[in-house]
Amino acid sequence: MLWGLLQKRNSLAKAIGEIMSDIIKDALKERIKQHEGYRLDTYIDTLGFKTGGYGHKMLPGEEPPKDKEGWDIIFEQDFEKAWNLMEKLCVENDLDIPAKAKGILCEMIFQMGFAGVSKFKNMIKYLKENNFPDAANEMLSSRWYRQTPNRARALSMEMRDI
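Residues numbered from 1 in each chain as written. Predicted model: local features only at pLDDT ≥ 70, side-chain atom pairs only at ≥ 80, totals over all residues. Heavy atoms only, no water.

**Student:** With reference to specific residues and values, describe the packing of aromatic side chains.
**Tutor:** Scanning the model with the defined rule gives six aromatic pairs in all. Seen in terms of ring centroids, Phe-75 and Phe-110 are 5.5 Å apart; in terms of plane orientation they differ by 55 degrees. Their pairing is tilted. With Phe-75 in helix H2 (residues 68–92) and Phe-110 in helix H3 (residues 99–118), the pair connects residues that are 35 residues apart, well separated along the chain. For the pair Phe-75 and Phe-110, one class covers both residues: buried. An aromatic cluster is built from Tyr-38, Tyr-54, Phe-75, Phe-79, Trp-83 and Phe-110, whose rings are joined through pairwise contacts. Taking the ring centre of Tyr-54 as reference, the NZ or CZ of Lys-33 above it sits at 5.0 Å. Between the NZ or CZ atom of Lys-57 and the centre of the ring of Phe-49, over which it lies, the distance is 3.9 Å. (Phe/Tyr/Trp six-rings, centres within 6.5 Å; stacked < 30°, edge-to-face > 60°. Helix = DSSP H or I, 4+ residues; strand = E, 2+ residues; numbered from the N terminus. Buried < 20%, exposed > 50% of the residue type's maximum accessible area, 1.4 Å probe, protein only. Lys NZ or Arg CZ within 6 Å of the ring centre and 35° of its normal.)

**Student:** Break down the layout of surface pockets for me, citing the residues and quoting the values.
**Tutor:** In this structure, the largest pocket encloses a volume near 1,300 Å³. Elements that contribute at least two residues to the lining of the largest pocket include exactly helix H1 (2–36), strand S3 (56–57), H2, H3, helix H4 (121–128) and helix H6 (143–147). If one sorts the elements of the lining of the largest pocket by residue count, H3 sits on top with seven residues. By residue class, the composition of the lining of the largest pocket is 14 nonpolar, 14 polar and 11 charged. (1 Å grid on protein atoms, 1.4 Å probe; cavity = no way out; pocket = protein on both sides within 12 Å on 5 of 7 lines; lining within 4 Å. Points joined across faces, edges and corners; volume = space filled by probe spheres on them. Nonpolar A, V, L, I, M, F, W, Y, C, P; charged D, E, K, R; others polar.)

**Student:** I'd love a proper account of the packing of helix H5 (residues 132–140) against helix H7 (residues 149–160), names of residues and values included.
**Tutor:** At a minimum axis separation of 8 Å, H5 and H7 run at an interaxial angle of 170 degrees. When the axis of H5 is compared with that of H7, the two are roughly antiparallel. Touching Phe-132, Pro-133, Ala-135, Ala-136, Asn-137, Met-139 and Leu-140 of H5 are Ala-152, Arg-153, Leu-155, Ser-156, Met-159 and Arg-160, all from H7. Tallied by class, the residues present in the contact of H5 with H7 amount to nine nonpolar, two polar and two charged. (Axes fitted to C-alpha atoms, helices over the stretch in contact; angles between N-to-C directions. Parallel < 35°, antiparallel > 145°, perpendicular 65-115°, else oblique. Contact = heavy atoms within 4.5 Å.)

**Student:** Go over H5 with me, naming the residues and quoting the values.
**Tutor:** Listing the buried residues of H5 in full gives Phe-132, Ala-135, Ala-136 and Met-139. Along the long axis of H5, the arc covered by the buried residues comes to 100 degrees, so they all point the same way. Those residues of H5 that are buried lie in contact with H3, H4, H6 and H7. (Arc of directions from axis to C-beta.)

**Student:** Got a sec to walk through the sheet that holds strand S2 (residues 50–53)? Specific residues and values, please.
**Tutor:** Pairing in this open sheet of three strands is antiparallel, and the strands run S1-S2-S3 from one edge to the other. With one partner strand each, in any of the chains shown, strand S1 (39–44) and S3 form the two edges of the open sheet. Relative to S3, S2 is paired through two bridges, and the arrangement is antiparallel. Pairing of Thr-51 across the sheet is with Lys-57, part of S3. Where H2 meets the sheet, it contacts S1, S2 and S3, and its direction lies at approximately 65 degrees from that of S1. (Pairing = 2+ DSSP bridges.)

As structure tokens, then:
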């Protein structure tokens, strides 16, 4: 009987964890959409890349969707890729950080890519130490901050408050 109760408790804990993960992801998606903005038509971004939807960098030969539903599908794919790469970054750097910090890393990866965020060596070092104020300072000592100061400042302030 005790074994059965433990199994039910573990199943319930897993279900609650999955629900919380979905809630966190949904809130993060909305924040990314707000920061990215939305454009049905493609445009050339500040770095010279053809972009559309919610900040989707068009790949060579890729055709842009003709409607918002198409861009929404691409956003979901881009988000899942960024989330998976955030998890990879955490594993590769042995980061045991709160969900809020993971969300910030995910958004940074969504915007800059895995390679771009991987260059934040000092930020990653401070995250490994759970030193969130210094990690936040490192976010502001970057070309990223100079290129997108409002977004970098907002995410840095969130990191500092962890």
